[in-house]
Structure formats: structure tokens, C-alpha cells
Amino acid sequence: MNKLTVHSGHHHLQYENGSPFVYLGDTAWELFHRCSREDVDFYLRDRASKGFTVIQAVALAELDGIKSPNVYGDWPLSNDDPTQPNEAYFAHVDWVVNRANELGLQIGFLPTWGDKWNKGSWGAGPELFTPANAFHYGEWLGRRYKDADIIWILGGDRQLVTTEHVAIIRAMAEGLRKGDEGNHLITLHPMGGQSSSLSVHTETWLDFHMIQSGHQRDRDNYRMIEDDYLKLPARPVVEGEPGYEAHPNHFNQDHGMLDQTDVRKSCYWAFFAGAAGYTYGCHAVWQMWDGVRTPINGPRAPWKESLALPGAGQVQYARRLLESRPFFKREPAQWMLWVDARRGAEHLQCCRALDGSYAMVYIAEGNKIKVWPSKITGSHLHIWWYNPRNGTAVDEGLREIKDDNCHFLPPFDPFGRDWVLVLDDASKGYPAPGTPWTK
């Protein structure tokens, strides 16, 4: 078991042995429900090869997961009763979890989608949970997966509107804790445009926050992350659902479709604002649309074809960049920008090492920028331009650290305008960005 914990600085995740863990997730909500084992293996091998570390999937799935069986004809519950889980259904879930773990992937495991405790005005439901059966179900799941590599994700795209909702989620978390003996981290996936901090910030079972910034171009997820980063008690925060690649912008195809550029923006904005993790998503993949089932909101191609969309291959370069510098020292640092950070499509996002040994600025639209170089230690900067489209670095050499040496202009690239400016204390001898760094 590769146990995960919260780092002592309260803003990062790590393995139990102290090595960094980059939460780089993919959204596969219907993986347990709609995929055969052959399809699961095909999907997981692709995602492992692209550097993902977490696969988010739901046991009691959103798309009629109670009344519609999995591909083997098995329903998750007997008599729609959470205290009577169906062994055949969960044997398949076991297989998926084990295969993911074999490939080095954690499962971001949602015990249920939120419509099973708060159907609201949409969703298949039905509402099944009470605090009592939520505890029972949580304990059963916790015991079953006690030694697996998983992260528990409660919630499921719903608000906790009533005291009963809060009690259900709390009981499920307490059941999981009892069943797995505290072996796994727990978070909550909130409704779109919200953070878990709005409803469960003071809950003792919560290990880290999760936001869902939602499916809108140039959504300012950095503001949501900054807000949670500053809250006390301090906890890590993960971007759990930004705009999906090939998803209609703002749920309206007349507004265009989100693409790889939108993915890269939300990814670097999140990490540089202080996020401990980022979750990619693809509109066909989350629903495992095979070209035959009824599609949700117009996916453009079946899920197997959509695995090859460019954004899915590019987010790994963000992970490589973070791992190429001292990982636990990273903090948001907008104050290093000499000019306004801008908003919308041209937003600039900056992070810096706590000890001043490096800084990074994500430049979304190729703008010339001004940075305070004196915020980096040492006498000289080593300047790099990191290409988020392919993970390569351009070495611009050394520059004396003086406040009049503050202007930086990204290279020209016909394939995209966004770049990451990396400024190192030259005396540290850090490798090219994206190259593994060891102490």
C-alpha cells in the first residue's frame, strides 16, 4: 500500500515516506459502471502512460447507477439498500481498483454520487441515504478497501443544504474512518463553482479541500484556490473539476468547445495559486460515451478516441515541472509581479520557493511581463522558458539580479502562446525545468 498523508506545511500531499505526491487526476466518473475489464485496462494503461496519478470514479454512479446495471448485468445494491451491497458488482470494482494500483494509480473513490442523498432538481437518484445507513455503507467500504491505494471523495456535485445532508456526509466519513482504520485521505467533491470549504471546512474528518471551478472558459479557479489556501486551519486544496476538454463552454455549444489551451490555463493557474493537485477531464471520457449510449450534452467523439486529445497528454508536463524543483517549498507569489496580474484570458499566475531559490510565472497569452528579480536569492538569475505544450525548456542563460533587469518576453511558438517563465538562483544549479531534481 502506498499510503498518502498531508505534508507538515499543510499545503501539499506526500507519501508516508515523505516523498512528494502530485495529485494529477482524471475524471472517469462512470468507470465502474459502464466499462468492461478490457475497456478498463485500455483506459488505465493510457492514463498511466500520460503521468496521471489519480483516477476519480464513482461506485453508485451518476447516470442511473442504481437502476441501471454495470456491463455484466450487476446492480450495486440489493433492494436499493446501502446496507445490502451486491458482492458481484463490487467484485468488479475490486478488479478495477487492483488494476489501477498495479499501474501505480490511486483511485479517487466516490462512494456515491450526490443525487443519492440530495437529488435536487436534476439527476436520476433515488435518494437512499440516512445517517445510519451512510455510516454502515462507509464502514463496509472502508473495511473492504483498507489496504488499497485510494483517496475517499465524498459529496458528488451537490450542495449540503440541510442538517440532514451534513449528518449523512459526516456519518459516511466516520464509517470510512472506522472501516479503513484511518489509512486513507478524505475530501469532498462540491457542486460546480464551489469549494468543500463552504460546507465542511470545520469538519474533523476532512483532510484536504476540493474545488469544482466548472466548465467555463477562463474561469478564475486561482481565486477559489487562493481563498482556501489562506483559510485556517490550513489544508491542501485540489482542483477537482475544471472545464473538461471538448466540453461545451458554459454548457452551450454556441459558445464554442473547451480545448487544450483551456486545460493548460486551468492547470497552471491552479498549481501556481497553491493547489496540491489538479484534475483533468474530457467530456466523452467522464461519461464513457461509446457512440451508442445516449450522449450527455454533445460529446464530439467516443471515449476511446477522445483519450488522445492533446490536453490529456500535456498536463503531465505541469507535474514534471513541479517535480523539477524543491517541491514542498512552492507557495503562491502574486506580489512578485511588477504589473497587475490581469484577469480573464491574459491572467498571470506566479509561484515562488519559500526560500527564494526559484520562481515561476505562467503567462497565458505570450505577453511581455515585469517581475521583481530581487525576490530571488543570489547574485544571478538562471532564466528558462518552459513550453507547456511539449515539456521542453529554452535556456536563456544568466542575468544579474537587479531591479532594472525586470522585463521578460516569451519566445515565439506558432503552436501556442502560453509559456512558463522559470527564474532560478543560478548558484543552486537546478536542472532544466521538467528534468527530475534530486537533493
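A brief look at the structure comes next.

Rules behind the numbers
Residues numbered from 1 in each chain as written. Predicted model: local features only at pLDDT ≥ 70, side-chain atom pairs only at ≥ 80, totals over all residues. Heavy atoms only, no water. Core = buried A, V, L, I, M, F, W, Y, C linked by side-chain atoms within 4.5 Å. Buried < 20%, exposed > 50% of the residue type's maximum accessible area, 1.4 Å probe, protein only. Contact = heavy atoms within 4.5 Å. Axes fitted to C-alpha atoms, helices over the stretch in contact; angles between N-to-C directions. Helix = DSSP H or I, 4+ residues; strand = E, 2+ residues; numbered from the N terminus. Parallel < 35°, antiparallel > 145°, perpendicular 65-115°, else oblique. Left-handed = near helix turned anticlockwise from the far one by under 90°. Nonpolar A, V, L, I, M, F, W, Y, C, P; charged D, E, K, R; others polar. Pairing = 2+ DSSP bridges. Salt bridge = Lys/Arg side-chain N within 4 Å of Asp/Glu carboxyl O. 1 Å grid on protein atoms, 1.4 Å probe; cavity = no way out; pocket = protein on both sides within 12 Å on 5 of 7 lines; lining within 4 Å. Points joined across faces, edges and corners; volume = space filled by probe spheres on them. Lys, Arg positive; Asp, Glu negative; His and termini not counted.

With respect to the nonpolar core
Then comes step 1: Of all hydrophobic cores here, the largest spans 91 residues; its most connected members are Leu31, Tyr43, Phe109, Tyr145, Tyr268 and Phe272.
Then comes step 2: Once residues lying within four places of it in the same chain are set aside, the contact partners of tyrosine 43 are Asp26, Ala28, Leu31, Ile55, Val285, Met288, Trp303 and Leu307.

A word on the packing of helix H2 (residues 37-49) against helix H3 (residues 87-102)
Then comes step 1: Viewed as axis vectors pointing N to C, H2 and H3 meet at an angle of 25 degrees, and their least axial separation amounts to 10 Å. Taken together, the axis directions place H2 and H3 in an arrangement best described as roughly parallel. When you trace H2 past H3, the crossing you get is right-handed. Residues Arg37, Val40, Asp41, Leu44 and Arg45 of H2 lie in contact with H3, whose contacting residues are Ala91, His92, Trp95, Val96, Arg99 and Ala100.
Then comes step 2: Looking at the contact of H2 with H3 residue by residue, the classes come out as 6 nonpolar, 1 polar and 4 charged.

Describing the sheet that holds strand S8 (residues 186-189)
Then comes step 1: What the 9 strands build is an open sheet, ordered S8-S7-S6-S5-S4-S12-S11-S10-S9; its pairing is mixed. The open sheet has two edge strands with one neighbour each: S8 and strand S9 (194-195).

Let's talk about the pattern of salt bridges
Pairing is possible between side chains of opposite charge, provided their charged atoms come close.
Then comes step 1: Scanning all chains against the criterion turns up 32 salt bridges.
Then comes step 2: Residues aspartate 413 and arginine 389 are paired through a salt bridge, measuring 3.0 Å at the closest nitrogen-oxygen approach. Separated by 24 residues along the polypeptide, aspartate 413 in the loop between strand S19 (407-408) and strand S20 (419-425) and arginine 389 in the loop between strand S17 (380-386) and strand S18 (393-400) bring together distant segments of the chain. When sorted by exposure, aspartate 413 lands in the same class as arginine 389, which is buried.
Then comes step 3: When salt bridges with common partners are traced through the structure, they connect Asp26, Asp46, Arg47 and Lys50 into a single cluster.

Let's talk about empty space enclosed by the protein
Take a probe with the size of a water molecule and roll it over the atoms, and the empty space left behind shows itself.
Then comes step 1: One pass over the full model with this rule turns up 1 cavity of 30 Å³ or more.
Then comes step 2: What the largest cavity holds in volume is close to 90 Å³.
Then comes step 3: Around the largest cavity, the lining comprises 13 residues; the ones closest to its centre are Gln216, Asp218, Arg219, Asp262 and Ser266.
Then comes step 4: The class makeup of the residues in the lining of the largest cavity is 3 nonpolar, 5 polar and 5 charged.

Thoughts on the packing of helix H7 (residues 221-229) against helix H8 (residues 260-272)
Then comes step 1: Where H7 contacts H8, the two axes come as close as 9 Å, and the packing angle between them is 20 degrees. Between H7 and H8, the angle falls in the class roughly parallel. Pair H7 / H8 crosses with right-handed handedness. Residues Asn221, Tyr222 and Ile225 of H7 form the contact with H8, whose participating residues are Ser266, Trp269 and Ala270.
Then comes step 2: Class assignment for the residues of the contact of H7 with H8 results in 4 nonpolar, 2 polar and no charged.

Considerations on the side chain of aspartate 180
Then comes step 1: Here aspartate 180 lies in helix H5 (residues 163-180).
Then comes step 2: One buried charged residue, aspartate 180, remains without a salt bridge, the closest side chain of opposite sign being arginine 177 at 5.2 Å.
Then comes step 3: If sequence neighbours within four positions are ignored, aspartate 180 has contacts with Gly142, Arg143, Lys146 and Trp152.

Digging into the environment of glutamate 139
Then comes step 1: Secondary-structure assignment places glutamate 139 in helix H4 (residues 131-144).
Then comes step 2: Between the alpha carbons of glutamate 139 and serine 324 there is a distance of 39 Å; along the sequence they are 185 residues apart.
Then comes step 3: With residues near it in sequence (within four places) discarded, glutamate 139 still touches Gly175, Leu176, Lys178 and Gly179.

Concerning the environment of methionine 257
Then comes step 1: Along the chain, the position of methionine 257 falls in the loop between strand S11 (237-239) and H8.
Then comes step 2: Classification of methionine 257 by relative accessible area gives buried; the value is 11%.
Then comes step 3: Sequence separation between methionine 257 and glycine 243 is 14 residues, and the spatial gap between their C-alpha atoms is 9.8 Å.
Then comes step 4: Residues within four places of methionine 257 in sequence aside, it is in contact with Arg217, Ala246, His247, Pro248, Asn249, Asp262, Gly298 and Arg300.

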